[in-house]
2 protein chains.
Amino acid sequence: MLTEERRQKVLEIIKEKGFVSLGELSLHLSCSESTLRRDLEYWDQLGHIKRTHGGAMFTGEQLVMPAFEERVTEALEEKRLIARAALDLISDGSVILLDGGTTTFELARLLTGRSLQVVTNSLPIANGLSSRREIDLILLGGYIYPKTGVALGPLTIAQLERIHVRQAFIGVSGITPKGLFNSNLLLVETERAMMRSADEVIVLADHGKLDRTALAHLCPLGDISTLIVDPQLSPEQEAWLAKAGVRLIKTPPLQGQEGGAA
Amino acid sequence: MLTEERRQKVLEIIKEKGFVSLGELSLHLSCSESTLRRDLEYWDQLGHIKRTHGGAMFTGEQLVMPAFEERVTEALEEKRLIARAALDLISDGSVILLDGGTTTFELARLLTGRSLQVVTNSLPIANGLSSRREIDLILLGGYIYPKTGVALGPLTIAQLERIHVRQAFIGVSGITPKGLFNSNLLLVETERAMMRSADEVIVLADHGKLDRTALAHLCPLGDISTLIVDPQLSPEQEAWLAKAGVRLIKTPPLQGQEGGAA
DNA sequence: ACATTCAATCAAAATCTTTCATATTACTTC
DNA sequence: GAAGTAATATGAAAGATTTTGATTGAATGT
């Protein structure tokens, strides 16, 4: 097999799977791991993939999985449905803000083709949207938190003070009757600034986030306009959300659920 | 068989299969490998195929990669040498600013392993550096110019006013005795702000940029501290650069790259 | 602390480029 | 139309490059 041909196959596999390990690659292609490493290096240089310890992930041409956390695949279908529900709230030509996070990332993927102004502090989202001509992208700068690739801190907050958006879509780690939580103190500072900049605050969360807390308290429940969640939440949870005056949007139940078709 | 006829067959086979090796080609056509190589060379020149080690691949109708990645390979070796020369100017632990552009991108690539604070308005650079733990990354936000993925405009400028860096590395489209040029008006505004934020302004350019102008005038020559360029510039060019008081750093010539010559 | 995984290096194999002599084609001239 | 000449195409060989798989010590993640 020709060098180029093999490289194409390598890229194809990575593109298909999102992430591969070296061992997995060498199952498909008969050549040494050294060679595969070199191929990964090659595509990495061209920016189509990103090498990681143990393998590589696709980052090229399209909206891609965030290069950051592996939680992405967790509850993926639910996140997609939540993102789709969020999409329905967005009208053409408006200005929205997208927080970092896996669910907002899913939402970003769905925005293609819509004429919008999108503000975000998330590197993966900016990445995916940057080549879309139909979308005006405004990136929030600041200190980049390496773990998730979002901009945080005083610079980000200062920039938010000069920006006003119709809707802000926020992801959180936990929701309890006490309010919303996220895992990082700087992050919640930044998210508070986002909320101040928005007419409407829409929180995206799967039911797993309910009744869970995290390190940093973001705000009381009353500060948000809308919560979009999948329908698998308990009646009690629904009750205290209603009591706090949160507008609750439940996604339709999973249709093709069951059995992760291999 | 006529030459033309054989060449057509060669192209046809490549188009059909996508990839072919030389051996495979010579099964279908009875002539020497030398001749087939010349045929591949012929079609390669016309852009219908791309020669590779061991054979060739069809490219006639394939889509081309976006502008950014394409330009990367142009004068790549020179850019790398320029980037390497720039690297020598950076001391560990310092704060640098990287403009967008292909040469600064090469520089960013070389930064891995150095403990630095890096400020950039370039999405591709931020991408590459975001997971490096040894590097503190500060991203400049703003309107993202889709063509090159850099942040521009008033938001970016406002953010730069709150930042101070030791060295700013800037890429330009043209350099003449009249000064520096770039292709985008918003971009030069932003770059001026970068220059204001830096103690030292270092411009990276290959010799092809000399004596070329572009749409937007950035600044007179006197405003920059240092120009790093490959050594293929004319004596006149060197003269007017010296006259303007620009510190000129020439990279070593391409061929004579010392180092690990075995 | 451990087991992986990585980057760097090396030698062998494959392939490439260059060069040259020969064969073929095209063109000129008579 | 035939012979001679220039231009191009071909095949083969030598030396330079590239690719590859294996091996090493270093770096990384649990």
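Residues numbered from 1 in each chain as written. Chains lettered and ligands numbered in written order. Predicted model: local features only at pLDDT ≥ 70, side-chain atom pairs only at ≥ 80, totals over all residues. Heavy atoms only, no water.

1. Here we look at the protein's contact with DNA strand C
Taken together, 15 residues lie near DNA strand C, and Arg37, Arg51 and Gly54 of chain A together with Arg37 and Gly54 of chain B sit nearest. When the atoms of DNA strand C within 4 Å of the protein are grouped by moiety, sugar and phosphate amount to 82% of the total. One of the backbone N or O atoms of threonine 52 of chain A is found 3.2 Å from a phosphate oxygen in DNA strand C. Those elements giving two or more residues to the surface near DNA strand C turn out to be helix 3 (33–46) and strand 2 (49–52) of chain A together with strand 2 (49–52) of chain B. Split into classes, the residues belonging to the surface near DNA strand C amount to two nonpolar, eight polar and five charged. (Near = heavy atom within 4 Å. Polar contact = N/O pair within 3.5 Å; in protein donor to acceptor, adjacent residues only side chain to side chain. Helix = DSSP H or I, 4+ residues; strand = E, 2+ residues; numbered from the N terminus. Nonpolar A, V, L, I, M, F, W, Y, C, P; charged D, E, K, R; others polar.)

2. Considering the protein's contact with DNA strand D
Contacts to DNA strand D come from 17 residues, most closely from Arg6, Thr35 and Arg38 of chain A together with Arg6 and Thr35 of chain B. The protein-proximal atoms of DNA strand D, defined as those within 4 Å of the protein, are 64% sugar or phosphate. Threonine 3 of chain B places a polar side-chain atom, nitrogen or oxygen, 3.4 Å from a phosphate oxygen of DNA strand D. Interatomic distance of 3.0 Å between a side-chain N/O atom of serine 32 of chain B and a phosphate oxygen of DNA strand D.

3. Looking at the sheet that holds strand 10 (residues 174–176) of chain B
Strand pairing in a sheet takes place through backbone hydrogen bonds and is either antiparallel or parallel in direction. Residues and elements named next belong to chain B. Read from one edge of the open sheet, three strands run 10-11-13, paired in antiparallel fashion. In this open sheet, the two strands that pair with only one neighbour each are strand 10 and strand 13 (216–219). Put simply, the sheet's adjacent strands are angled 35 degrees from each other on average, direction ignored. Bridge count for strand 11 (residues 179–182) against strand 13 is three bridges, and the pairing is antiparallel. (Pairing = 2+ DSSP bridges. Axes fitted to C-alpha atoms, helices over the stretch in contact; angles between N-to-C directions.)

4. With respect to the sheet that holds strand 2 of chain A
Residue and element names in this part refer to chain A. If you walk across this open sheet you meet the three strands as 1-3-2, and the pairing is antiparallel. A strand with exactly one partner marks an edge of an open sheet, and here the two such strands are strand 1 (19–21) and strand 2. On average, adjacent strands in this sheet sit at an angle of 20 degrees to one another, irrespective of strand direction. Against the sheet, helix 3 makes contact with strand 2 and strand 3 (55–58), and its axis sits at roughly 135 degrees relative to strand 2, the strand it touches most. (Contact = heavy atoms within 4.5 Å.)

5. Some points on the interface of chain B and chain A
Each side of the interface is counted separately: chain B has 36 residues, and chain A has 32 residues. Buried area between chain B and chain A, both sides added, is near 2,900 Å², and the carbon and sulfur share of it is 63%. Sorting the residues of chain B by area buried against chain A places Phe19, Leu139 and Leu155 of chain B first, and these three jointly supply 19% of that buried surface. Put simply, chain B and chain A have zero salt bridges between them. Taken together, the elements giving at least two residues each to the side of chain B that touches chain A come down to strand 1 (19–21), strand 3 (55–58), helix 7 (123–129), strand 6 (135–139), strand 7 (142–145) and helix 8 (154–160) of chain B. Residues belonging to the side of chain B that touches chain A are distributed by class as follows: 17 nonpolar, 13 polar and six charged. In terms of strand pairing, strand 6 (residues 135–139) of chain A meets strand 7 of chain B through two bridges, oriented antiparallel. If you follow leucine 139 of chain A over to strand 7 of chain B, its bridge partner there is glycine 142 of chain B. (Buried area = accessible area lost by both parts, 1.4 Å probe. Salt bridge = Lys/Arg side-chain N within 4 Å of Asp/Glu carboxyl O.)

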